[in-house]
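Spelled out, the chains give:
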Amino acid sequence: MVKKISEYEYKRADVDAAIAFLDGTVKKANAATDVVALAATRDEVNAYFADFYTLVYIAAIRHTLDVRDKFYAAEQDYYDENMPRLAAKTTEFNKAFISSPHADRLGEVINPLIVDKIKASLRVMDDKIIADCVEENKLVTEYDKLLAELTYPWNGKKVTLGEMHGFCKSADREVRKKAFAVIGETLATVGDKLDDIFDRMVKVRTAMAKKMGFSDFVEMGDLRIGHIGYGREQIAVFRNSVLNDVVPVIVELKAELAKKLGLDGIHLYDNDNYIAGGNIDPQGTAADLFAAAQKMYDGMNPALGAFFKEMCEAQAIDYVARDGKMGGGYAEMLYSYGQPFIFANFNGTMDDVGVLTHEFGHAYAFKRADENKIDLDLFVGGMETAETHSMGMEALCNRYNNLFYGERDAAATYQQIFDALNFLPYGVTVDYFQELVYKNPDMSPKERRDLWLKLESRFRPYVDMSDIPFINVGGRWQYQKHIYESPFYYIDYCLSTCLALQFGELADKDYSDALGRYLNLVEAGGTKTIDALAHQAGLKSPFDGGALKDVCRLIKTHLEKLAKEIR
């Protein structure tokens, strides 16, 4: 019988005990007589921390399931306060490991990417920034709590932001407009708090970057999030590809769509709507969606079907939106149990299907990395690789849209492909905004909002935000949680979308070939850079000049074909 996630035992992961353990492994690394003995100290560390972080993640999961739960809130506070000390001690171990006289032979016994990651980690963590890291953790928790506890007035009720996102995709344009206005008006009531939290975040991150020898937080942020093998120069190449190859196509597609929908232009509350009469919502109840997903994965590949069944039996997908539950969605890995977990908030829209495809892609990659015994320092790779697992799965699931949308499957596929392409300009805006903010840390709240509006006008000239309060003065980014919680993460969604769109167009030509390439990419986990993984799969890397030009041409043709099939 499968053990359910809720039955997993929790006890606090003792940071002091972990630090004492690392003290011992530092001595072992210093005393290692050859490269094999040196590598063995890492194996010992990984085994210990697989169990340690399982407990940390159980606490984090249960805290996000109900931020009002005082016990797990206190546990989260404990980790926020103490994990920076552990990070500093881990840095001490990494220094001993990498400075060993045998370190120059590590490439013979471990993947060289591990060495690259360790060297990067040493550049972003040290005892001298522990206090800053503690403060940063507290600010992230403060932001999360503020948004989680914020409710939005809707038809006499108080609802969550996740539920509001559902209303933002209503078939009724006036409902969408009202929903965005309510979000803007409600956020405006805490605008000063959002500004204050972010201002303190920028200051503390800038301070720690300078203490670590960086001129600003940008390079440190990239290294800290795991951008190995590329940096701002390569990201700029990709950003220019979006600006030059994607934006013009979207401008054209949006103009055609506005004409088709009888609109004078695309407003913010129209931007995520692609179908006359409103976007396509999945058919049936949540139970129906789960049954459809099971049938889909059984049809795609037996291993995928078996794994989805295991996830359901373990009750490892928490999808119900409720008071006190944090917004958004994520997937996490509980190493000790070999069990992934999916956190989501269903809202009755296509996003619900996205949970069963996107987050499932993460979960499946976690499981394969675990079973393939990929080193924990590599596991499913950097965020850009991990997001390729999830977004690639989304693209490959389009073939089965009839299971979720019935006769409107062509419209759903049209919407999903268009939406993925439409995401790219927003995604690079989020990343470029952060780059410019951290290069200019003394910006005032108004200057940051003005910058956001300037970037929006450049990368999304087709969207009119002028009639939505708070957002029309540049406040949209303030409920984009990644900007507060995980700086420089968001570009990874864009890089992975570049690969996912290619998988999707390959699948339209030869589904078996596309699925095989995707599954092979997943099997490799994080053992190679995103550049190498893309080329190995026969795809263009995001950093190849004009990487999006050809796929944009294919997508435009594909969308025109689907448009003719829409009933």
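So, a few notes on the structure that sits alongside this text. Note that the coordinates shown come from a computational prediction; the quantities given were computed from them, not determined experimentally. (Residues numbered from 1 in each chain as written. Predicted model: local features only at pLDDT ≥ 70, side-chain atom pairs only at ≥ 80, totals over all residues. Heavy atoms only, no water.)

## Topic: the overall build of the protein
Helix and strand content of the protein: 22 helices and 5 strands. The C-alpha atoms of the protein give a radius of gyration of 23 Å, which matches the 24 Å a tight globule of 567 residues would have. In terms of its C-alpha atoms, the protein occupies a principal-axis envelope of roughly 75 × 50 × 50 Å. Looking at the 567 residues of the protein, the share that counts as buried comes to 59%. In the protein, 78% of the contacts between residues at least 6 apart in sequence involve partners at least 24 apart. With an accessible surface of roughly 22,600 Å², the protein has 51% of that area assigned to carbon and sulfur atoms. A gap of 1 Å separates the mean positions of the 67 positive and 86 negative side-chain charges of the protein. (Helix = DSSP H or I, 4+ residues; strand = E, 2+ residues; numbered from the N terminus. Rg over C-alpha atoms; globule rule 2.2 N^0.38 Å. Buried < 20%, exposed > 50% of the residue type's maximum accessible area, 1.4 Å probe, protein only. Contact = heavy atoms within 4.5 Å. Areas by Shrake-Rupley, 256 points an atom, 1.4 Å probe, with all protein chains shown as cover. Lys, Arg positive; Asp, Glu negative; His and termini not counted. Charge placed at Lys NZ, Arg CZ, Asp CG, Glu CD.)

## Focus on empty space enclosed by the protein
Applying the stated criterion to the full structure yields 1 cavity of 30 Å³ or more. Forming the walls of the largest cavity are 14 residues, and the residues nearest its centre are Gly226, Ile228, Gly382, Glu384 and Lys528. Mapped onto the lining of the largest cavity, the elements with two or more residues apiece are helix 4 (112-124) and helix 14 (383-397). Across the lining of the largest cavity, the residue classes tally to 5 nonpolar, 6 polar and 3 charged. (1 Å grid on protein atoms, 1.4 Å probe; cavity = no way out; pocket = protein on both sides within 12 Å on 5 of 7 lines; lining within 4 Å. Points joined across faces, edges and corners; volume = space filled by probe spheres on them. Nonpolar A, V, L, I, M, F, W, Y, C, P; charged D, E, K, R; others polar.)

## Notes on the pattern of salt bridges
Should their charged atoms come close, side chains of opposite charge can pair. The tally for this structure, following the rule as stated, stands at 42 salt bridges. Its salt-bridge partner being Glu136, residue Arg205 comes within 2.6 Å of it at the nearest N-O pair. Taken together, the residues Arg205 in helix 8 (residues 191-211) and Glu136 in helix 5 (residues 130-149) connect sequence positions 69 residues apart. Arg205 sits in the buried class, given a relative accessible area of 0%. The shortest N-O distance in the salt bridge between Asp318 and Lys325 comes to 2.6 Å. By relative accessible area, which is 19% here, Asp318 ends up buried. The exposure class assigned to Lys325 is buried, which follows from its relative accessible area of 4%. Shared partners join several salt bridges into a network, and the residues in it are Asp222, Arg232, Arg239, Asp431 and Glu435. (Salt bridge = Lys/Arg side-chain N within 4 Å of Asp/Glu carboxyl O.)

## Notes on the sheet that holds strand 4 (residues 330-334)
An order of 3-5-4 is seen for the 3 strands of this open sheet, with the pairing classed as mixed. Two strands in the sheet have a free side with no partner beyond their single neighbour: strand 3 (317-318) and strand 4. Its contacts with the sheet put helix 2 (residues 35-65) on strand 3, strand 4 and strand 5 (339-343), and the angle it makes with strand 4 is roughly 145°. (Pairing = 2+ DSSP bridges. Axes fitted to C-alpha atoms, helices over the stretch in contact; angles between N-to-C directions.)

## Concerning helix 16 (residues 409-439)
Every α-helical turn comprises 3.6 residues, leaving residues that sit three or four positions apart pointing alike. With 31 residues, helix 16 should cover 45 Å at 1.5 Å per step; its first-to-last C-alpha distance of 45 Å lies within 8% of that length. At Leu424, helix 16 is bent by approximately 30°, the largest bend along its length, and proline Pro425 sits one to four residues beyond. In terms of burial, helix 16 is a largely internal element, 26 of the 31 residues being buried. (Expected span 1.5 Å × (residues − 1). Bend = angle between axes of the 7 residues up to and from the residue.)

## As for the packing of aromatic side chains
This structure, assessed with the given rule, holds 49 aromatic pairs. A network of ring pairs unites the aromatic residues Tyr143, Phe198, Phe423, Tyr426, Phe433, Trp452, Trp477, Tyr484, Tyr489, Tyr490 and Tyr493 as a single cluster. Above the face of the Phe418 ring, Lys254 is positioned so that its terminal group lies 5.3 Å from the ring centre. Taking NZ or CZ as reference, Lys325 lies 4.8 Å from the ring centre of Phe343, over its face. (Phe/Tyr/Trp six-rings, centres within 6.5 Å; stacked < 30°, edge-to-face > 60°. Lys NZ or Arg CZ within 6 Å of the ring centre and 35° of its normal.)

## Observations concerning unusual backbone geometry
Phi at Gln315 takes a positive value of approximately 50°, unusual for a residue other than glycine. Within the fold, Gln315 resides in the loop between helix 12 (302-313) and strand 3. Residue classification places Gln315 among the partly exposed positions, given a relative accessible area of 47%. Although it is not a glycine, Lys373 adopts a positive phi angle of roughly 55°. With respect to the helices and strands, Lys373 occurs in the loop between helix 13 (350-371) and helix 14.

## What to know about the pairing of strand 4
When strand 4 meets strand 5, the two strands line up antiparallel, connected through 5 bridges. Residue pairing for strand 5: Leu334 is matched across the bridge by Gln339. Counting the residues in the hairpin turn of strand 4 and strand 5 gives 4 residues, including Gly338, whose phi is positive at 60°.

## Some thoughts on the nonpolar core
The nonpolar side chains of a soluble globular protein tend to be buried with one another. Grouped together as the largest cluster of nonpolar side chains are 212 residues, with contacts concentrated most on Phe238, Tyr297, Met300 and Leu421. A per-element tally of this core places helix 16 first, with 16 residues. Those residues in contact with Phe238 that lie beyond four places of it in its chain are Leu424, Val428, Ile491, Cys494, Leu495, Cys498, Pro542 and Leu548. (Core = buried A, V, L, I, M, F, W, Y, C linked by side-chain atoms within 4.5 Å.)

## Section: the packing of helix 8 against helix 9 (residues 217-225)
Interaxial distance between helix 8 and helix 9 falls to 9 Å at its minimum, and their mutual angle equals 90°. Between helix 8 and helix 9, the interaxial angle falls into the category roughly perpendicular. Along the contact surface, helix 8 presents Arg205, Thr206, Met208 and Ala209, while helix 9 presents Phe217, Met220 and Arg224. (Parallel < 35°, antiparallel > 145°, perpendicular 65-115°, else oblique.)

## Thoughts on the side chain of Ser241
Relative to the helices and strands, Ser241 resides in helix 10 (residues 232-261). Separated by 3.5 Å, the side chain of Ser241 and the backbone nitrogen of Leu548 make a polar contact. (Polar contact = N/O pair within 3.5 Å; in protein donor to acceptor, adjacent residues only side chain to side chain.)

## So, the environment of Asp172
Tracing the backbone shows Asp172 in the loop between helix 6 (161-167) and helix 7 (173-189). Linking Asp172 and Asn279, residues 107 residues apart in sequence, is a C-alpha distance of 9.8 Å. Polar contacts involving the side chain of Asp172 include one to the main-chain amide nitrogen of Glu174, which spans 2.9 Å.

## Comments concerning the side chain of Asn273
Mapped onto the secondary structure, Asn273 falls in the loop between helix 10 and helix 11 (286-300). With relative accessibility at 4%, the residue Asn273 sits in the buried group. With residues up to four places along the chain from it excluded, the contact list for Asn273 reads Cys168, Lys169, Ser170, Arg176, Leu257, Gly278 and Asn279.

## Re the packing of helix 14 against helix 19 (residues 490-509)
Running from N to C, helix 14 and helix 19 point in directions that differ by 35°, and their axes come no closer than 8 Å. Judged by the twist between their axes, the crossing of helix 14 over helix 19 is right-handed. Mapping the contact onto sequence places Met383, Glu384, Glu387, Thr388, Met391, Gly392, Ala395 and Leu396 in helix 14 and Asp492, Tyr493, Leu495, Ser496, Thr497, Leu499, Ala500, Phe503, Gly504 and Ala507 in helix 19. Here the residues of the contact of helix 14 with helix 19 are counted per class, giving 10 nonpolar, 5 polar and 3 charged. (Left-handed = near helix turned anticlockwise from the far one by under 90°.)

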